[in-house]
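Descriptive structure summary
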Amino acid sequence: VAIDMWSLGCMLVELYTGAPLFAGSDEVNMMQRFVAILGMPPDLMIHLVKKNLQRKLFQKKEGKWTINQSSGGKTKAITPSHNPKASLKEVITRDCANETVEKSPGGHDSFVDMILQMLTYLPPKRISPEQGLQHPFIVEKVNV
């Protein structure tokens, strides 16, 4: 049985924090949210996107891909994350409804690491379900 690790990562963050990780209003806004936390997708992925959608989501400036700054008729400055781990940890810490995590060794670090491995843009590079079950966040919780 195939497991969609990206979706599982998003659901786990929502269960963990009580808030959706990428609550976008449309496909452009959703991509903006991905980029703000995870950084720009690899050029390879952008090149694989159908041209009409590619133009809607991205723009090329000075030979480099960047995220489209407009969504739903509104323009908002979106800065791609250059440190996805820090960006994700900031969102999780801000939204976390799980106060006991703060008291555990490493706080959110182990959870953030596992989620980042689930939210890797390129599917072959994402953590597998088997690897996920062996991740320290899961193993530490099981052994408590």
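Structure: above.
Residues numbered from 1 in each chain as written. Predicted model: local features only at pLDDT ≥ 70, side-chain atom pairs only at ≥ 80, totals over all residues. Heavy atoms only, no water.

1. What about the pairing of strand S2 (residues 64-67)?
Within a regular strand, the side chains alternate between the two sheet faces. In this structure, strand S1 (residues 58-61) lies alongside S2, joined through 4 bridges in antiparallel fashion. Bridged to Gln59 within S2 is Thr66. Here S1 hands over to S2 after 2 residues, with Glu62 in that stretch at a positive phi of 55°. (Pairing = 2+ DSSP bridges. Helix = DSSP H or I, 4+ residues; strand = E, 2+ residues; numbered from the N terminus.)

2. With respect to unusual backbone geometry
Note on backbone geometry: most residues besides glycine have negative phi, and most peptide bonds are trans. One non-glycine residue, Glu62, lies in positive phi territory at about 55°. When you line up the elements, Glu62 lands in the loop between S1 and S2.

3. Description of the packing of helix H1 (residues 5-17) against helix H7 (residues 109-118)
Between two packed helices, both the angle of their axes relative to each other and the distance between the axes serve to describe the pair. Interhelical geometry of H1 versus H7 gives an angle of 150° and a closest axis separation of 8 Å. In terms of orientation, H1 and H7 fall into the roughly antiparallel class. Here H1 contributes Met5, Trp6, Leu8, Gly9, Leu12, Val13 and Tyr16 to the contact with H7, which in turn contributes Phe111, Met114, Ile115 and Met118. Taken together, the residues of the contact of H1 with H7 sort by class into 10 nonpolar, 1 polar and no charged. (Axes fitted to C-alpha atoms, helices over the stretch in contact; angles between N-to-C directions. Parallel < 35°, antiparallel > 145°, perpendicular 65-115°, else oblique. Contact = heavy atoms within 4.5 Å. Nonpolar A, V, L, I, M, F, W, Y, C, P; charged D, E, K, R; others polar.)

4. Concerning H1
The terminal C-alpha atoms of H1 lie 18 Å apart, and with 13 residues this matches the ideal 18 Å at 1.5 Å per residue to within 8%. Met5, Trp6, Gly9, Cys10, Val13, Tyr16 and Thr17 are the residues of H1 that are buried. Along the axis of H1, the buried residues cluster in a sector spanning 145°; they form a single face. Turned more than 90 degrees away from the buried face of H1, the exposed residues are Met11 and Leu15. (Expected span 1.5 Å × (residues − 1). Buried < 20%, exposed > 50% of the residue type's maximum accessible area, 1.4 Å probe, protein only. Arc of directions from axis to C-beta.)

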